[in-house]
Amino acid sequence: MSNSALATALDVTEGTWTHGMPYLALGFGRPLVFLRWFTPDHANPTGWLRQSEIRTLAPLAAHFRVYAVNRAPGMAEGTTMADIAAEHARAMHDEFGEPVDVLGVSSGGSLALQLAADHPAAVRRLIIASSGYTLENAARTAQLRYGEAAYAGKRGLHHMAGVAFRSPIAQRLAAAGMWLADPLARPRNPADTLAFIRAEDAFDLAGRLGDITAPTLVLGGDSDTAYSTENFRRTADGIPNSRLIIYPHTTHIGVVKRFVPDVVAFLAD
């Protein structure tokens, strides 16, 4: 199916929620809020990135009306993950008026955990994929170096190679490619990028996991270079009503390619 035909079949729409939070919605059924992974721009994707997101979410959109939501632009310096979660809770209440299912991937998982802990009335069921109760040191360092370089107008994308690939050879090759591609992928508002990175840098929910009352599914891959299996286990163990699935031989991004049957079954249970 062509990209335009797929978008028509899934009734793709986009707009903004309260606080100017951009969203792209697709599919049919009960709402499922998809909190996006780390993105340099606080905006809906365009071009081939938009088509890639639609195709990635299409299997979920066969069961739910999926709302892919990004952080609000114009993020102030010193914003915390709790501040961002509060904005999302207000926007979701304004949009739905009742608790809804929430799926957070990677950085979106950090936000989803904060949202569920601080605003339990906003979340019906929670899925955390390729994420955990805190960032690990390698990912924290890589993101911060990238954000600071982008803010200074310098090349920084290559700093992310270390958390994208496990093999040292692959890391070096990827870093070279990212260094070359950096000028084409600079954030439009690097202050937004750095503000969110610093918010996630300080994120640590180790002492708050017990405050999450929503039934929760934690999904991770045992080949994830950004999060350890121990991080996934500790996250699931700390949430009172939770399940954990570790996919073998699966990377950080690979979890998204495998999780649809488990997400659908969990939300339908």
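Parameters and conventions
Residues numbered from 1 in each chain as written. Predicted model: local features only at pLDDT ≥ 70, side-chain atom pairs only at ≥ 80, totals over all residues. Heavy atoms only, no water. Pairing = 2+ DSSP bridges. Helix = DSSP H or I, 4+ residues; strand = E, 2+ residues; numbered from the N terminus. Axes fitted to C-alpha atoms, helices over the stretch in contact; angles between N-to-C directions. Contact = heavy atoms within 4.5 Å. Polar contact = N/O pair within 3.5 Å; in protein donor to acceptor, adjacent residues only side chain to side chain. Buried < 20%, exposed > 50% of the residue type's maximum accessible area, 1.4 Å probe, protein only. Right-handed = clockwise from strand over helix to strand, strands pointing away. Phe/Tyr/Trp six-rings, centres within 6.5 Å; stacked < 30°, edge-to-face > 60°. Lys NZ or Arg CZ within 6 Å of the ring centre and 35° of its normal. Core = buried A, V, L, I, M, F, W, Y, C linked by side-chain atoms within 4.5 Å. Parallel < 35°, antiparallel > 145°, perpendicular 65-115°, else oblique. Nonpolar A, V, L, I, M, F, W, Y, C, P; charged D, E, K, R; others polar.

(A) Representation of the sheet that holds strand 4 (residues 65–69). Pairing within the open sheet is mixed, and its eight strands lie in the order 1-2-4-3-5-6-7-8. The open sheet terminates on both sides in strands that have one partner only, identified here as strand 1 (13–16) and strand 8 (242–247). Each adjacent strand pair in this sheet contributes to an overall mean axis angle of 20°, direction not counted. The pairing of strand 3 (residues 31–35) with strand 4 spans five bridges and is classified as parallel. In the sheet register, L32 faces strand 4, and the bridge partner there is V66. Relative to strand 3, helix 3 (residues 81–96) is tilted by about 155°, and along the sheet it contacts strand 3, strand 4 and strand 5 (100–105).

(B) Examining the side chain of S110 more closely. Assignment of secondary structure puts S110 in helix 4 (residues 107–118). A polar contact of 2.8 Å, which involves the side chain of S110, links it to the side chain of E200. In this structure S110 touches M81, S131, E200, F203 and Y227, once residues within four positions along its chain are discounted.

(C) Here's a closer look at unusual backbone geometry. Non-glycine residue S106 carries a positive phi angle of around 55°. Position of S106 among the secondary structure elements: in the loop between strand 5 and helix 4. Positive phi values are uncommon outside glycine, yet S130 reaches one of about 50°. Given a relative accessible area of 0%, S130 falls into the buried group.

(D) Spatial organisation of the pairing of strand 6 (residues 123–129). For strand 6, a buried count of six out of seven residues is recorded, marking the element as mostly surrounded by other parts of the structure. Relative to strand 6, strand 5 is paired through five bridges, and the arrangement is parallel. Opposite V102, over in strand 6, you have L126 as the bridge partner. Viewed along the sheet, the connection from strand 5 through helix 4 into strand 6 turns out right-handed. Sheet topology note: the strand 6/strand 7 (residues 216–221) ladder contains four bridges and is parallel. Counted as the bridge partner of I128 is V218 from strand 7.

(E) Representation of the packing of aromatic side chains in the model. According to the stated counting rule, one finds eight aromatic pairs in the structure shown. When the centroid spacing of 5.6 Å and the interplanar angle of 90° are considered together, the rings of W17 and F96 count as edge-to-face. A residue pair is termed long-range when its members are at least 10 positions apart, and W17 in the loop between strand 1 and strand 2 (22–27) and F96 in helix 3 qualify at 79 residues. Under the relative-accessibility criterion, F96 is labelled buried at 18%. Through a chain of ring-to-ring contacts, three or more aromatic side chains come together here, namely W17, Y23, Y67 and F96. Directly above the ring of F196 sits R71, whose terminal nitrogen or CZ lies 4.3 Å from the centroid. Positioned above the aromatic ring of F266, the side-chain terminus of R125 is 4.9 Å from the ring centre.

(F) Here's a closer look at the nonpolar core. Residues W17, V33, M92, V102, L113, L126 and I212 are the most contacted members of the largest nonpolar core, which totals 52 residues. Looking at this core, the element that brings in the most residues is helix 3, giving seven residues.

(G) Spotlight on the packing of helix 3 against helix 4. Between helix 3 and helix 4, whose axes approach to 9 Å, the crossing angle comes to 70°. As judged from the angle between their axes, helix 3 and helix 4 are roughly perpendicular. Only S110, L111, Q114, L115 and D118 of helix 4 make contact with helix 3, whose side of the interface consists of M81, A82, I84, A85, H88, A89 and M92. Considered class by class, the residues forming the contact of helix 3 with helix 4 number eight nonpolar, three polar and one charged.

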